[in-house]
Every structure is written in structure tokens, then in C-alpha cells.
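Structural description and commentary
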Amino acid sequence: MEEVTFDSDLIHSILKRFWTLRALERQNFEAANDAPDSEVGVGTSKKNRTTSANTNALKLTCELLRIFITEAVQRAAAIAEAEGASQIEPTHLEIILPQLLLDF
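Here the residue numbers are simple positions, counted from 1 along each chain's written sequence. Per-residue local features of the predicted model are confined to residues with pLDDT of at least 70, and side-chain atom pairs are confined, for both listing and counting, to 80 or more; whole-chain, interface and lining totals are unaffected and use all residues. Here the side-chain values reflect all heavy atoms present in the structure, with hydrogen atoms and water set aside.

The name recorded for the chain in an unreviewed UniProt entry is Centromere protein X, from Flemingia macrophylla. UniProt positions are given in the numbering used here, feature names are shortened, and annotations may be inferred rather than shown by experiment. Recorded under Sequence similarities (unreviewed entry), the UniProt text for the chain is reproduced unchanged: "Belongs to the CENP-X/MHF2 family."

Next comes the structure, spelled out in C-alpha cells:
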């Protein structure tokens, strides 16, 4: 049985949105500070390059997110069960989050 994972098109759209916002922030910062373009190579600059992700990178990102969220839910469920709660509350996630981030 194949495990359900995130839709790679959705993850790609989220990443593209993030990259676009970062590019706009960088452009606004450079315009405000009148900073010269930092040359990356001959005839290219950060402004001219587009950020993209190949198919394998998207699949890996989807799998990493699936594992991360599964682990978060399992750890939060263990805390909720130890406290006698029948549902996972935001406080349970707050308890497990620091160690979870260190583990990943």
C-alpha cells in the first residue's frame, strides 16, 4: 500500500510564492539602499536568474513534510494521551515543537 503524501504541484506553488516574495523583498532592499548588483557569473545576476526545483527535489520535499507532520502528530498525541486528553490541542504541539525541530 502506497503512503499518501502531499501533492507536488501544491508544494511547488508554495515554494514559488515564497521565492517570488523573497525576490521582491531583495529588490526593494536593493532599491532602497542603492546597492550595486552582486555579480554571480559572467553576464548574470541574482535578478536575472529564476529559482526552480526539479521533480526529484519536489518529491523529496513532499516526503520530508509528510514525515515531519506525521512525527509531530504522533508526538503530540503521546503528550495528549499522557495528560488524559482525547484530542490534540495547540499546547501539546507547543510542548513537542522544540525537540521536534532539533531532531529534524
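1. Description of helix H3 (residues 90-103)
In an α-helix, one turn spans 3.6 residues, which is why side chains three or four residues apart end up on the same side. Here H3 contains 14 residues, and its C-alpha end-to-end distance of 20 Å stays within 8% of the 20 Å for a straight helix at 1.5 Å per residue. Helix geometry: H3 is bent most strongly at leucine 97, by close to 45°, with proline proline 98 lying one to four residues after it. Where H3 is concerned, the buried positions are His92, Ile96 and Leu100. Every residue pair with non-hydrogen atoms within 4.5 Å of one another is taken to be in contact. Only DSSP runs of H or I covering at least 4 residues are called helices, and only runs of E covering at least 2 are called strands; the numbering of each starts at the N terminus. Residues of H3 that are buried sit in contact with helix H2 (55-83). To estimate how far a helix should extend, the number of its residues minus one is multiplied by 1.5 Å. Two axes are fitted around each residue, one to the seven residues ending there and one to the seven starting there, and the angle between them is reported as the bend at that residue. Think of it in three bands: with a 1.4 Å probe and only protein chains considered, a residue is buried below 20% of the maximum accessible area for its type, exposed above 50%, and partly exposed in between.

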